[in-house]
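# Coordinate inspection notes
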Amino acid sequence: MDLFTGLASKVKGQNKRVVFPEGEDERVLGAASRLKKDGLVEPVLLGNTAKINEVSAQNKFDLTGIEIIDPATYDDKQAMIDSLVERRKGKTTPEQAAQMIGDVSYFGTMLVYMNKVDAMVSGAVHATGDTVRPALQIIKTKPGNSRISGAFIMEKGDERYVFADCAINIELGAQEMAEVALQSAETAQLFDIDPKVALLSFSTKGSAKADVVTKVAEATEIAQGLAPNLPIDGELQFDAAFVPSVGERKAPGSKVAGHANVFVFPDLQSGNIGYKIAQRFGGFEAIGPILQGLNAPISDLSRGASEEDIYKVALITAAQALD
Ligand SMILES: CC(C)(COP(=O)(O)OP(=O)(O)OC[C@H]1O[C@@H](n2cnc3c(N)ncnc32)[C@H](O)[C@@H]1OP(=O)(O)O)[C@@H](O)C(=O)NCCC(=O)NCCS
Ligand SMILES: CC(=O)OP(=O)(O)O
């Protein structure tokens, strides 16, 4: 069974309410109308109702039964402001809160925080920082996680891999990289991938010396200590992690080298560039970024996302809302 058939059967009929703050965007509307028609989620669109109906009519989308909330005329605004001020005690004044919820990313995040919806999918129009900052400030991390990170499921035919962090942490210390490794192993399990985790570098097992290489070796030790039963290894170059013959030559005896399926990058430059190369040169579908370590299901999208990408990310996000 492919990834999305399995996810669809899990979320079908569960009526998970997913808010789409960029409700006036044509790709978002197309995805929402299909999700509703397929009975997979209950989309909630944010935006101006007349504008949403106009874009839908132009594209012949059927929005029957889909709730639209216009933040400009929302009845419960004061309760939302009060709740935001309470959550950001000492950090946000009522005046600032009123201004913040004028931004659809904050408005949508508050709907999740106040349990008015189960999940949020955004970022087709807004850059990642603007999409996730409200979640970092309001939803915060899950217990046991000091930071969130962003993973992609990279899929082509029956090949399926996890890449992280491709979206959030510009620089990572050893401890933080170890945490991303464990979060990514958990994400892999969610998608029926039996994780073999490689912490990547331009060096394999000491073949080069540099502080950034030492960081990856230290992160590997920390991650192995935290999860002794998981196959985790580093520092590994990508070829040593992925190609069996190279793995054997460069890292003999490693349980991961040559067979890795979860790839943890040492910083955001390499992670973001790496996933886009696999996507655009390698022909992999890049599904995500899936936010890991956040205390509620909220997903960011790439602004390059297609309607199909949005549909799939919404399905994943609804599945995360199931337990
Ligand atoms: C994610 C990002 C927006 C956070 O930056 P920021 O808003 O400047 O963060 P700040 O340091 O001001 O922190 C804001 C809040 O978020 C929290 N935070 C920041 N990064 C976090 C992380 N990785 N995990 C958890 N919380 C985090 C801070 O603790 C702070 O909380 P507080 O307000 O309650 O004290 C920033 O790291 C970023 O731009 N990353 C790159 C995103 C990107 O462009 N990716 C490429 C495309 S996908
Ligand atoms: C994940 C990512 O790179 O997002 P964007 O393309 O929107 O910058």
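Residues numbered from 1 in each chain as written. Chains lettered and ligands numbered in written order. Predicted model: local features only at pLDDT ≥ 70, side-chain atom pairs only at ≥ 80, totals over all residues. Heavy atoms only, no water.

## Here's the deal with the site of ligand 1
- Contacts to ligand 1 come from 18 residues, most closely from Arg 88, Arg 133, Lys 140, Ala 167 and Asn 169.
- At a separation of 2.9 Å, a nitrogen atom of ligand 1 approaches a polar backbone atom of Ile 148.
- For ligand 1, whose accessible area on its own is 930 Å², the fraction buried by protein is 64%.
- Mapped by element, the contributors of at least two residues to the shell around ligand 1 are helix H7 (128-139) and helix H12 (268-280).
- No other element matches the 6 residues that H7 contributes to the shell around ligand 1. (Near = heavy atom within 4 Å. Polar contact = N/O pair within 3.5 Å; in protein donor to acceptor, adjacent residues only side chain to side chain. Areas by Shrake-Rupley, 256 points an atom, 1.4 Å probe, with all protein chains shown as cover. Helix = DSSP H or I, 4+ residues; strand = E, 2+ residues; numbered from the N terminus.)

## Considerations on the packing of helix H6 (residues 104-113) against H7
- At a closest axis distance of 9 Å, the pairing of H6 and H7 adopts a crossing angle of 35 degrees. The handedness of the crossing between H6 and H7 comes out as right-handed. Each of Ser 105, Tyr 106, Thr 109, Met 110, Val 112 and Tyr 113 in H6 lies in contact with H7, whose residues at this interface are Asp 130, Thr 131, Arg 133, Pro 134, Ala 135, Gln 137, Ile 138 and Ile 139.
- Looking at side-chain class alone, the contact of H6 with H7 contains 8 nonpolar, 4 polar and 2 charged residues. (Axes fitted to C-alpha atoms, helices over the stretch in contact; angles between N-to-C directions. Left-handed = near helix turned anticlockwise from the far one by under 90°. Contact = heavy atoms within 4.5 Å. Nonpolar A, V, L, I, M, F, W, Y, C, P; charged D, E, K, R; others polar.)

## Looking at the sheet that holds strand E3 (residues 67-69)
- Pairing is parallel across the open sheet formed by 5 strands, whose spatial order is E3-E2-E1-E4-E11. On the outer flanks of this sheet lie E3 and strand E11 (298-300), each paired with one strand and no other. Across this sheet, the average inter-strand angle for adjacent strands is 20 degrees, counted without regard to direction.
- One ladder, built from 3 bridges, connects strand E4 (residues 119-122) with E11; its direction is parallel. In the strand pairing of E11, Val 121 is matched with Ser 299.
- Sitting on the sheet, H7 is in contact with E4 and E11, with an inclination near 160 degrees to E11. (Pairing = 2+ DSSP bridges.)

## Description of the nonpolar core
- Counting 58 residues, the largest nonpolar core has Phe 20, Leu 45 and Leu 199 as the members making the most contacts within it.
- Beyond its immediate stretch of four places on either side in the chain, Leu 45 contacts Phe 20, Gly 23, Val 28, Leu 29, Ala 32, Ile 52, Leu 63, Ile 66, Glu 67, Ile 68 and Ile 69.
- Ranked by size, the runner-up nonpolar core spans 29 residues in total, among them Leu 84, Ile 101, Leu 111 and Ile 148. (Core = buried A, V, L, I, M, F, W, Y, C linked by side-chain atoms within 4.5 Å. Buried < 20%, exposed > 50% of the residue type's maximum accessible area, 1.4 Å probe, protein only.)

## Digging into the layout of surface pockets
- Estimated volume of the largest pocket: approximately 590 Å³.
- Together, 25 residues line the largest pocket, and Lys 142, Glu 186, Leu 190, Gln 320 and Asp 323 are the ones closest to its centre.
- The set of elements that each furnish at least two residues to the lining of the largest pocket consists of helix H1 (3-11), helix H8 (174-190), strand E10 (285-292) and helix H13 (307-320).
- It is H8 that contributes the most residues to the lining of the largest pocket, 4 residues altogether.
- Residue composition of the lining of the largest pocket, by class: 13 nonpolar, 7 polar and 5 charged. (1 Å grid on protein atoms, 1.4 Å probe; cavity = no way out; pocket = protein on both sides within 12 Å on 5 of 7 lines; lining within 4 Å. Points joined across faces, edges and corners; volume = space filled by probe spheres on them.)

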